[in-house]
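The residues making up each chain are set out below.
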Amino acid sequence: MNTILRIAVQKSGRLSESSLDLIRECGIRFSNGGGKLMSSAQNFPLEFLFLRDDDIPGYVADGVADIGIVGENELVEKEKDVSLVKRLGFSKCRLSLAIPKSENYEGLKNFESKSIATSYPNILASFLQKEGIKADIHEISGSVEIAPGIGLADAICDIVSSGSTLLTNGLKEVEVIFKSEAVLVANNTLSPEKNEILKQLLFRIDAVQAGSNNKYILLNAPNDKLDLIISLLPGMKSPTVLPLATAGWSSIHSVITEDEFWERIQKLRQAGAEGILIVPIEKMIL
Ligand code: PRP
Ligand code: ZN
């Protein structure tokens, strides 16, 4: 029987769309319509389990799923024995303490002897212990943001992404205690066959990530400025230089990271580059 790797992804929520997009960008085709709990890829040995994000670390630790995409917040909170294979860079958010916006905030001592509602009792407890604050942690599983309004707690500790949930509930963020992004986790005892499939998947994820972090750059340069302009372009090995029909001019092609591009564009222009084009890269194999 052919080995199939089973991946757990969030059924619906902040991570779902981006998790599935990443797998699609890896060239893996599957259907996830109709609120199904499971699905199989059509062209890669991968099977999907659609779960609540809170359950993903546990299912991967138990081997019900081999790998999973989950927020680091759930991974750290659940304290399950799984390996963090790769940071994925999407669904970035923070776990923060928030209080009613009418209250003054003077620092962590505000929380001394107060009650804090949260779905993250472990992360919060270790933060408070480290800071030497004694507070009463009130664990609730959802709608944490309404707790102060209904008199259930003085403050909350919850995930903040855009901040709109806090805003609509009359709360203000006063301390960030943990920063999170989506991560790929794996069971610690994968068979060699499953590990091989995971390696192939990681190869594709790396290519997709490198592609989205890099841009293909084309520009025209007078030949007497070529050396200077090339020195401003890192490239994968060295840039490609092609003669233009106009005598004395060349076209330079290279690869540049998005961050580097904005930093170097002015220098490239000052050095005499013209007709600069930036083109997205779909996949990049390093
Ligand atoms: C978090 C948190 C808020 C919301 C904050 O929920 O509990 O409800 O996101 O986002 P905002 O700052 O953009 O308004 P999460 O997505 O983790 O859902 P879950 O707890 O149901 O898994
Ligand atoms: Zn959740």
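Up top is the structure these notes are about.
Before going into details, it helps to say that this report is about the structure given with it. (Residues numbered from 1 in each chain as written. Chains lettered and ligands numbered in written order. Predicted model: local features only at pLDDT ≥ 70, side-chain atom pairs only at ≥ 80, totals over all residues. Heavy atoms only, no water.)

1. Points about the overall build of the protein chain
- Summing up its helical and strand segments, the protein chain has eight helices and 15 strands in all.
- Relative to the compact-globule value of 19 Å for 286 residues, the protein chain shows a C-alpha radius of gyration of 25 Å, a clear excess of over 25%.
- In terms of overall dimensions, the protein chain has a C-alpha envelope of 80 × 60 × 35 Å along the principal axes.
- Looking at the protein chain residue by residue over its 286 residues, the buried ones come to 47%.
- Across the protein chain, the fraction of contacts at a sequence separation of at least 24, relative to all contacts at a separation of at least 6, is 69%.
- Entry remark: accessible area of the protein chain is about 15000 Å², with carbon and sulfur atoms responsible for 50%.
- Put simply, the protein chain has 30 plus and 37 minus side-chain charges, and the middle of one group is 4 Å from the middle of the other. (Helix = DSSP H or I, 4+ residues; strand = E, 2+ residues; numbered from the N terminus. Rg over C-alpha atoms; globule rule 2.2 N^0.38 Å. Buried < 20%, exposed > 50% of the residue type's maximum accessible area, 1.4 Å probe, protein only. Contact = heavy atoms within 4.5 Å. Areas by Shrake-Rupley, 256 points an atom, 1.4 Å probe, with all protein chains shown as cover. Lys, Arg positive; Asp, Glu negative; His and termini not counted. Charge placed at Lys NZ, Arg CZ, Asp CG, Glu CD.)

2. Focus on the pairing of strand E12 (residues 214–222)
- Of all nine residues making up E12, seven are buried, and the element is well covered by its neighbours.
- Sheet analysis places E12 next to strand E14 (residues 249–257), joined by nine bridges and oriented antiparallel. Across the sheet, Asn-220 pairs through a bridge with Ser-251, a residue of E14.
- Relative to strand E15 (residues 274–280), E12 runs antiparallel, the two sharing five bridges. Note that in E15 the partner of Tyr-216 across the bridge is Val-279. (Pairing = 2+ DSSP bridges.)

3. What to know about the sheet that holds strand E11 (residues 182–186)
- Pairing within the open sheet is mixed, and its six strands lie in the order E2-E3-E1-E4-E11-E5. Two strands close off the open sheet at either side, each with one partner strand: strand E2 (38–40) and strand E5 (83–87). Taken over all neighbouring pairs, the strand axes of this sheet differ in orientation by 25° on average, direction set aside.
- Alignment of strand E1 (residues 5–10) against strand E3 (residues 46–51), held across six bridges, turns out to be parallel. Counted as the bridge partner of Val-9 is Phe-50 from E3. (Axes fitted to C-alpha atoms, helices over the stretch in contact; angles between N-to-C directions.)

4. Details of the sheet that holds strand E7 (residues 115–118)
- The strand order across the open sheet formed by five strands is E8-E7-E9-E6-E10, and the pairing between neighbours is mixed. A strand with exactly one partner marks an edge of an open sheet, and here the two such strands are strand E8 (136–139) and strand E10 (171–180). Neighbour to neighbour, the strand axes of the sheet diverge by 30° on average, direction disregarded.

5. Details of the site of ligand 1
- In the vicinity of ligand 1, the residues found are Arg-14, Asp-53, Glu-145, Asp-158, Ile-159, Val-160, Ser-161, Ser-162, Gly-163, Ser-164 and Thr-165.
- With respect to ligand 1, the side chain of Arg-14 contributes an N or O atom lying 2.5 Å from an oxygen atom.
- One nitrogen or oxygen atom from the main chain of Gly-163 is found 2.7 Å from an oxygen atom belonging to ligand 1.
- At the level of secondary structure, the elements contributing two or more residues to the shell around ligand 1 comprise strand E9 (155–160) and helix H5 (164–168).
- The dominant element in the shell around ligand 1, judged by the number of residues it contributes, is E9, at three residues.
- Residues that form the shell around ligand 1 fall into these classes: two nonpolar, five polar and four charged. (Near = heavy atom within 4 Å. Polar contact = N/O pair within 3.5 Å; in protein donor to acceptor, adjacent residues only side chain to side chain. Nonpolar A, V, L, I, M, F, W, Y, C, P; charged D, E, K, R; others polar.)

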